[in-house]
Amino acid sequence: MDRRMKAAWGRWSLLVGLALLAGACSSTGSLSDSKADFTSIESNMRGHITRLASEEFGGRRPGTDGEALTLDYIEGELSRAGYVSGTNDPGNFWRSPVPLVRTMPVSSRIEFRVGRKRTVLPTAQAAAFTGGRRALIEGGEILFVGKQSASVSDEEVRGRIALMLSEPGQSPARRETLFGKGAAAIITVVDDQQSIDQVREFWENEQLGLVSEEQDQLAGFASAEAMEAALGAKKWQALLASAEAPDFAPTVLDATGTIEAVSERRQITSHNLIGRLPGTKPGSGAILLLAHWDHFGQCGDESLEDRLCNGAVDNASGVALMLELARRLASKGQHDRDIYVLATSAEEWGLLGTKAFAENPPLPLESVVAAFNFDTVALAGRGAPVGFVGEGKTPLDAVILDAITRSRREVGDRELADQFLQRQDGWILLQKGVPAVVLSSALGSREVVDPYLTTRYHRPSDDIDGIELGGAVDDLLLHESLIRRLASIARYP
Ligand SMILES: [Zn+2]
């Protein structure tokens, strides 16, 4: 799952009604069959997770030996199941390159000048970062934007240092907006030392970015205490108060700022792995399954004995579900439409592998009838409600809701599901008009997902011990019946 977090309404028509009727005729199999199925699916998934989340795979960090082992494993499983390379590029069989830049912060400096008073912010309370080798703003004008971003005009912020107040969950999107409007640099002011420590911990580790995306943004962080010292307590308190006023307007401060950041950069090539199960009716479209294979490698606190982030739930479990589903789809009967299987890289650094896939897809994106993403799937027990991420954003709603009803499950907490929309790979596809959704027992209720997020998410404790697969098997069976329908021209024209 990613830390941050316009659909096209193409093929929706009355024909869906017919597809629903056709779906009603499908057989469901006997009870003992389904019990045997359940046991074998669970055991196959557990086998995949055990391998992918093992010490040997080293936490599956892009660009490491763990990447090579992971891709070999996924290719082996898909190939055995009858899939062929889906890259549509003989020069890159199975593996589609994702060119990345690895950045490691080296040093930074933030300084303010008010009249003749010059204040260098102490390094314990401030830091600046760039994805480029070196970025410097010398004596730049400062625009205080409070908690605003969208309402700030391009003219006001262009070429200036934007000084903004942090708000949990909102800050990354605000920075993106302000950089988009041409801010020369941004300083985010965080409330307390703990926040600044977290910011530093995140940024002072190696970062990954796409080579194709701009890397020279200059982002700084400072504690409120450091700002008060630099601008004067009275001035700072007045600014804080003004940010809360309903008629707040950005103000240019009577101060200038100098920000410098230096980083080490190195290019690496990671890979998405793409397989294809050819359909019997070429040109009739495709179903896309996707799951990110990457995780953080060593990532726990340096004082810990075990620092390996195995990523058993995030996202060995999603890959395991995808592989077992792909195998079952290939083993029983043929499909009219192609089925593509995409294992993405560098999701953990901002959905980068999927961005690379969407920029250079091996098939026309408009030919994708439906895309299903599997991320962090192994949390709930059997019979848990289905978190439906992407409801209302694609023409798939009716077919999906019907399949959920048929599986005797309920749709989960919709507000919760919405919160994950932009934090998963499907979001990139959705923005390109691909009907992409997540259907997951893991995102059906806060009772299921919250304990994981607070105790194991992105920590060494996300390993295979005590992993729960009941809900994931339910999810697999739901997808299997849904995809059999969507891959059929007669049942989903
Ligand atoms: Zn994650």
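Counting restarts for each chain: residues are numbered from 1 in the order of the written sequence. Local features in this predicted model are restricted to residues of pLDDT 70 or higher, and side-chain atom pairs are both shown and tallied only at a pLDDT of 80 or more, whereas totals for entire chains, interfaces and linings draw on every residue.

Notes on the overall build of the chain
Going along the chain from the N terminus, every DSSP run of H or I of four or more residues is numbered as a helix, and every run of E of two or more is numbered as a strand. Along its length, the chain carries 15 helices and 17 strands. Over its C-alpha trace the chain gives a radius of gyration of 24 Å, about what one expects of a compact globule, namely 23 Å for 493 residues. Its C-alpha atoms give the chain principal-axis dimensions of about 80 × 50 × 45 Å. Out of the 493 residues belonging to the chain, those deemed buried represent 46%. For the radius of gyration, the atoms used are the C-alpha atoms, and the globule rule reads 2.2 Å times the number of residues raised to 0.38. Partly exposed residues are those falling between the two cut-offs: more than 12 but fewer than 20 other C-beta atoms within 10 Å of their own, whereas 20 or more means buried and 12 or fewer means exposed, with C-beta atoms placed from the backbone.

Things to note about the environment of Val157
Its place among the elements puts Val157 in helix H4 (residues 154-157). Residue classification places Val157 among the buried positions, given that 24 C-beta atoms sit within 10 Å. Separated by 93 residues in the primary sequence, Val157 and Pro250 have C-alpha atoms spaced 9.1 Å apart. What counts as a contact is two residues whose backbone-derived C-beta atoms lie within 7 Å of each other. Val157 has contacts with Leu143, Val152, Ala162, Leu178, Lys181, Gly182 and Ala183, leaving out every residue within four places of it along the chain.

Considering the domain arrangement of the chain
Residue ranges for the domains trace back to a domain assignment, done automatically or taken from a database. Considered domain by domain, the chain is made up of domain 1 (15-82 + 278-486) and domain 2 (101-265). Between domain 1 and domain 2, the C-alpha centre-to-centre distance is 37 Å. Facing 7 residues of domain 1, the contacting portion of domain 2 comprises 4 residues. Under the convention adopted here, Pro, Cys and the residues Ala, Val, Leu, Ile, Met, Phe, Trp and Tyr are nonpolar, Asp, Glu, Lys and Arg are charged, and Gly plus all remaining residues are polar. The residue makeup of the side of domain 1 that touches domain 2, split by class, is 5 nonpolar, no polar and 2 charged.

Re helix H15 (residues 470-486)
The first and last C-alpha atoms of H15 sit 25 Å apart over 17 residues, in line with the 24 Å expected at 1.5 Å per residue. Most of H15 sits out of view: 12 of its 17 residues are buried. Any helix carries an expected span of 1.5 Å times its number of residues minus one.

Notes on the confidence of the model for the chain
Per residue, pLDDT captures the predictor's confidence, and it can take any value from 0 to 100. Taken residue by residue, the chain gives an average pLDDT of 90. The fraction at 70 or more is 93%. Contacts of residues 4-30 to residues separated by more than four positions or lying in other chains number 32 contacts, the stretch itself having pLDDT below 50.

Some details on the nonpolar core
Burial of nonpolar side chains together is a common tendency in soluble globular proteins. The term nonpolar core refers to a group of buried residues, namely Ala, Val, Leu, Ile, Met, Phe, Trp, Tyr and Cys, whose C-beta atoms join them within 7 Å. Counting 92 residues, the largest nonpolar core has Leu289, Val319 and Met322 as its most contacted members. Top element by residues in this core is helix H9 (residues 312-331). It accounts for 11 residues. Those residues in contact with Met322, other than ones at most four positions away along the chain, are Leu289, Ala291, Val341 and Phe374. The next biggest cluster of nonpolar side chains, apart from the first, holds 41 residues, and it includes Ile110, Val152, Ala162 and Phe221.

Here's the deal with the pairing of strand E10 (residues 251-277)
Alignment of strand E1 (residues 84-85) against E10, held across 2 bridges, turns out to be antiparallel. In the strand pairing of E10, Val84 is matched with Arg276. Bridge analysis of strand E2 (residues 95-114) against E10 gives 18 bridges, and the strand direction is antiparallel. By the bridge assignment for E10, Arg113 is matched with Thr256. Relative to E10, strand E5 (residues 134-146) is paired through 8 bridges, and the arrangement is antiparallel. Note that in E10 the partner of Gly140 across the bridge is Gly257. Strand pairing follows a simple DSSP-based rule, namely that at least 2 bridges must link the two strands. Bridge count for E10 against strand E14 (residues 338-344) is 5 bridges, and the pairing is antiparallel. Among the inter-strand pairings, Leu277 is bridged to a residue of E14, identified as Ile339.

Focus on the packing of H9 against H15
Orientation of H9 relative to H15, taken along the N-to-C sense of each, is 40°, at an axis distance of 10 Å. As judged from the angle between their axes, H9 and H15 are oblique. For H9 against H15, the interelement crossing comes out right-handed. Where H9 abuts H15, its residues Ser317, Leu321, Glu324, Leu325, Arg328 and Leu329 lie against Ala472, Asp475, Leu476, His479, Glu480 and Ile483. A class-by-class count of the residues in the contact of H9 with H15 yields 6 nonpolar, 2 polar and 4 charged. All axes here are fitted lines through C-alpha atoms, helices being fitted over the stretch that makes contact, and every angle between N-to-C directions spans 0 to 180 degrees. Oblique is the label for any angle not covered by the other classes, which are roughly parallel (under 35 degrees), roughly antiparallel (over 145) and roughly perpendicular (65 to 115). Two helices crossing with the near one rotated counterclockwise from the far one by less than a right angle form a left-handed crossing, whereas a clockwise rotation gives a right-handed crossing.

Focus on the pairing of E14
On a regular strand, one side chain projects to one face of the sheet and the next to the other, so that they alternate. Buried residues dominate E14, accounting for 7 of its 7 residues. In E14, alternate side chains face the same way, and those of Asp338, Tyr340, Leu342 and Thr344 on one face and Ile339, Val341 and Ala343 on the other are all buried. Judged from the 7 bridges that link them, strand E11 (residues 286-292) and E14 form a sheet pairing that is parallel. Across the sheet, residue Leu289 finds its bridge partner in E14, namely Val341.

Points about the environment of Ala222
Among the structural elements, Ala222 can be located in strand E9 (residues 218-223). Residue classification places Ala222 among the buried positions, given that 24 C-beta atoms sit within 10 Å. Taking C-alpha positions, Ala222 is 48 Å from Glu42, a pair spaced 180 residues apart along the chain. Apart from the residues lying within four places of it in its own chain, the contact partners of Ala222 are Ile110, Leu121, Gln125, Ala126, Ile187, Val189 and Met227.

As for the packing of helix H11 (residues 397-406) against H15
Relative to each other, H11 and H15 sit at 135°, their axes nearing to 10 Å. If you check the angle between H11 and H15, you find them oblique. Relative to H15, the crossing made by H11 is right-handed. On H15, the residues that touch Val399, Ile400, Ala403 and Ile404 of H11 are Leu478, Ser481, Leu482, Arg485 and Leu486. Residues of the contact of H11 with H15, tallied by class, amount to 7 nonpolar, 1 polar and 1 charged.

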